[in-house]
Amino acid sequence: MSNNPPRIRMTGAQRRSQLVDVGRGLFAARGLDGTTIEEIAACAGVSKPVIYEHFGSKEGLYTQVVDFEFHILLDSITAALTEEGKPRVLVERAALALLTYIEDRAEGFRILMRDAPPSQPEGAFSTLLSQVTARVEHILSDEFHRRGFSARDGAMYAQMLVGMVAMTGQWWQDSRQPDKHTVAAHLVNLAWNGLTGLQKDPELRTES
């Protein structure tokens with residue numbers, strides 16, 4: 001008599017969700033190239049044809065994992081930036097949204113920072129940052145217009161601001177110290193207190 005527990009039958013949606021979860025863990029640990037279809041099948045307790053049936057290939061599963069994580073993070077940051085509030089508060093919320101995602105979904109963030117899926121050849125994280133930057137540029141536009149800055153300046157500063165938050169998030173992914181609220185406070189301290197003293201036509205103080 002077998003001692004193995006009976007295999008639980010899943011619906012198609014449940015099986016896809018399970019395979020995405022298994023794939024996320026393996027892809028985060030080993031990357032796309034370092035993960036085999038055999039490992040995914042073994043961890044999920046299914047045969048390889050089941051994976052092919054749902055996703056077509058290992059790359060198909062990887063794309064689904066990336067798309068899933070991409071939209072979780074994008075939706076979180078977008079929600080933070082579309083709430084009512086002054087620009088400084090919105091930047092605080094966006095920084096916290098990124099750090100919270102990293103805290104809650106470390107595997108997902110590791111994947112977004114890694115191999116580019118076929119659907120986003122330029123890289124998932126780069127694609128996300130481009131979309132976030134466009135939103136930040138819109139938020140900063142009124143402030144920059146009031147100060148007499150050009151639209152081109154606003155676009156450039158939006159890139160700088162988003163880049164600063166993104167790079168800090170990558171660093172914090174491994175350190176996790178100090179806590180996310182402290183990190184977000186320091187980020188906004190640098191960004192906003194720097195912005196209050198911006199010169200319209202800045203010059204370097206050292207000669208090349």
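That block above? That's the structure.
Residues numbered from 1 in each chain as written. Predicted model: local features only at pLDDT ≥ 70, side-chain atom pairs only at ≥ 80, totals over all residues. Heavy atoms only, no water.

Where do I start with unusual backbone geometry in this structure?
A cis amide bond links Q177 with the next residue in sequence, P178, at an omega value of -5 degrees. Among the structural elements, P178 can be located in the loop between helix 8 (151-175) and helix 9 (180-195). In this model, R176 sits at a positive phi of 55 degrees, which is unusual for a non-glycine residue. Inspection of the secondary structure puts R176 in the loop between helix 8 and helix 9. Judged by its relative accessible area of 27%, R176 falls in the partly exposed class. (Helix = DSSP H or I, 4+ residues; strand = E, 2+ residues; numbered from the N terminus. Buried < 20%, exposed > 50% of the residue type's maximum accessible area, 1.4 Å probe, protein only.)

For this particular structure, what's the right way to read the packing of helix 1 (residues 12-34) against helix 2 (residues 37-44)?
The angle between the axes and the distance between the axes are what describe a pair of packed helices. One way to put it is that helix 1 packs onto helix 2 with a least axis distance of 9 Å and a crossing angle of 140 degrees. It follows that helix 1 is oblique to helix 2 by the angle criterion. For the pair helix 1 and helix 2, the crossing hand works out as right-handed. Seen from helix 1, the contacting residues are R15, Q18, L19, V22, L26, F27, R30 and G34; seen from helix 2, they are E39, I40, C43 and A44. Each residue belonging to the contact of helix 1 with helix 2 can be placed in one class, and the counts come to seven nonpolar, two polar and three charged. (Axes fitted to C-alpha atoms, helices over the stretch in contact; angles between N-to-C directions. Parallel < 35°, antiparallel > 145°, perpendicular 65-115°, else oblique. Left-handed = near helix turned anticlockwise from the far one by under 90°. Contact = heavy atoms within 4.5 Å. Nonpolar A, V, L, I, M, F, W, Y, C, P; charged D, E, K, R; others polar.)

Hey, could you run me through the side chain of T35 in this one?
Its place among the elements puts T35 in the loop between helix 1 and helix 2. When its relative accessible area of 0% is taken as the criterion, T35 is described as buried. Within the structure, the side chain of T35 is placed 3.3 Å from the backbone oxygen of L26, a separation counted as a polar contact. In contact with T35, other than residues within four places in its own chain, are L26, F27, R30, I40 and K58. (Polar contact = N/O pair within 3.5 Å; in protein donor to acceptor, adjacent residues only side chain to side chain.)

I keep staring at helix 5 (residues 87-104) and nothing clicks. Help me out?
An α-helix turns once every 3.6 residues. As a result, residues three or four positions apart point the same way. Its 18 residues give helix 5 an end-to-end C-alpha distance of 26 Å, which sits within 8% of 26 Å, the value for a rise of 1.5 Å per residue. Within the sequence span of helix 5, burial applies to L90, V91, A94, A95, A97, L98, L99, Y101 and I102. (Expected span 1.5 Å × (residues − 1).)

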